[in-house]
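Notes for the structure review
Here's the letter readout for the chains.
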Amino acid sequence: METYDAIIVGGGISGLSAAYTLFKRGLEVLVIEAAPEVGGVMRSIVTPEGYVLDCGPNTAATKDPRLWAEFADLGLAARLVPADRKGKRRYVLLNGKPEEIPMSPVGLARTPLLSSAAKLRIFREPFIPRATGGDESVASFFARRLGPEPAARLVDPFVAGVYAGNPAQISVKAAFPSLWEAEQRAGSIIKGMLSGREKPAPGAPRGPKMRSLTFNFPGGLAEWPRAIAAALGPRRVWRNTRATAVRPDGALWQVTIERDRLPETLEARAVILALPAYAAAGLVEGLDARAAAALRGIPYAPVSVVQLGYRREQVRHPLDGFGVLAPSSERRRFLGILWSSSLFAGRAPAGRVLTTTLMGGALAPELALQSDADLIAVAVAEHAAVIGAAGDPELAHATRWERAIAQYTSGHDARIAELERLERERPGLAFLGSYRGGVGVPKCWHNGVALADRMGDQLARRAEAVAAD
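Residues numbered from 1 in each chain as written. Predicted model: local features only at pLDDT ≥ 70, side-chain atom pairs only at ≥ 80, totals over all residues. Heavy atoms only, no water.

Taken together, the side chains of R85, K88, R90 and R211 make up a positively charged region of the molecular surface. Structurally, the position occupied by R90 is in the loop between strand 6 (81–82) and strand 7 (91–94). (Patch = residues over 30% accessible without salt bridge, like charges linked within 9 Å, V, L, I, M, F, W, Y side chains within 5 Å. Areas by Shrake-Rupley, 256 points an atom, 1.4 Å probe, with all protein chains shown as cover. Salt bridge = Lys/Arg side-chain N within 4 Å of Asp/Glu carboxyl O. Lys, Arg positive; Asp, Glu negative; His and termini not counted. Charge placed at Lys NZ, Arg CZ, Asp CG, Glu CD. Helix = DSSP H or I, 4+ residues; strand = E, 2+ residues; numbered from the N terminus.)

The full count for this structure, using the stated rule, is 33 salt bridges. In this structure, E100 engages R89 in a salt bridge whose closest nitrogen and oxygen atoms are separated by 2.9 Å. On the criterion of sequence distance, the pair formed by E100 in strand 8 (residues 97–100) and R89 in the loop between strand 6 and strand 7 is long-range, its members being 11 residues apart. We classify E100 as partly exposed; its relative accessible area is 32%. A relative accessible area of 32% means that R89 is categorised as partly exposed. In this structure, R153 engages E149 in a salt bridge whose closest nitrogen and oxygen atoms are separated by 3.5 Å. Linking R153 with E149, this pair stays in helix 6 (residues 148–163), spanning 4 residues, or about one helical turn. When its relative accessible area of 28% is taken as the criterion, R153 is described as partly exposed. What emerges from the salt-bridge pattern is a single network uniting E125, E136, R144, R145 and E183. (Buried < 20%, exposed > 50% of the residue type's maximum accessible area, 1.4 Å probe, protein only.)

On the basis of which strands lie adjacent, the open sheet formed by 7 strands has the order 8-7-15-16-17-14-18 and mixed pairing. Each edge of the open sheet is held by one strand with a lone partner, namely strand 8 and strand 18 (395–406). When the angles between neighbouring strand axes are averaged without regard to direction, this sheet yields 25°. Direction of pairing for strand 15 (residues 323–325) relative to strand 16 (residues 336–338): antiparallel, over a ladder of 3 bridges. Bridge pairing links V324 to I337 in strand 16. (Pairing = 2+ DSSP bridges. Axes fitted to C-alpha atoms, helices over the stretch in contact; angles between N-to-C directions.)

Right, here's the structure in full:
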């Protein structure tokens, strides 16, 4: 039986980034993926007509130089497609009409999204007392600090766009830790964020300031996990292989898998469970019931993604931005409509436009679970109402994710603490996924790399201790 340095269960971007980091350190790794393709929810399709469809995450943004270096390693640097400058413009619905979100004090003063009283209330934020105790919700936190109008008209759609979540249930400490910490540290979001900015060390050279870049690839975001899998090679990435049990065996770990309908047991010095929380729960149930219960206590919101392709002349709106989000108070049947072909070049054939509509979420899960035909019909109707799309689209594609995005609801920190306890008690076992440390694609990549760095160091120290004995 071959003994691996690390077995990574789950071939999404979290698990692949951890595996690739360990691989570059010279460790022998194996990725176990139950699906026929890697990437998890990062699924991309290029249609015969030339539309590029991202059926899960549609964008990623980072200023991390380590990620740029990794893209160079993977041969992806030359394939990066940066977002168009107009992508900086983002819209939110107000009375059924897209209104640009203010991005400056002047824009805030002029925006029709907020009343004069609400605008003045925002400037009182530095003087609002900090909260003490309790696991406060996002809705409560921002209503208290900024006022009810900004919370309802700006924060509510943002939470829907990122988490597909209910702001009254999402924990601000878990979902927006930097803002929560800013209030705790300085008594104010504004003062805390300003005082928390990193200052260069005395005498340190001043280099160019890195700017965050929103990007994609010509064939969609799924090019990224596919490139990592190709770099690792088929010997280190087993598709159509399901892990059925994980258990300690002295200083090693045993992972039972099902491959080609046959059971097999593998050994490793470490195991990373890079799975959705509900899937990881089944693997640790026999090992630690408390950790399994914590994992099962993390809910996931369903989201459906509908892509529509129109002739440019069919759509009245200029589509001059990232897209439009819908506050729950607007009572629309979508969370947001991304203007994909405006954001990235090459998303649609010449003379065409492509949009991506997100439906469902924690507030309206039933909308995500409709049939393909019903999802498309709703999207077409909402396009007609919101951006003036006329007639039928020439392309329509729907993807349903019944458990799409982890929800950082009240008590999330306590649930993660149970996983941390088990990791301390069982060295060599680690949990990784979008339910921990952020749901965005760059966050998942970063968390996978950071975990692999720590695990690589731990494995090296253990090897040195054994050699010393």
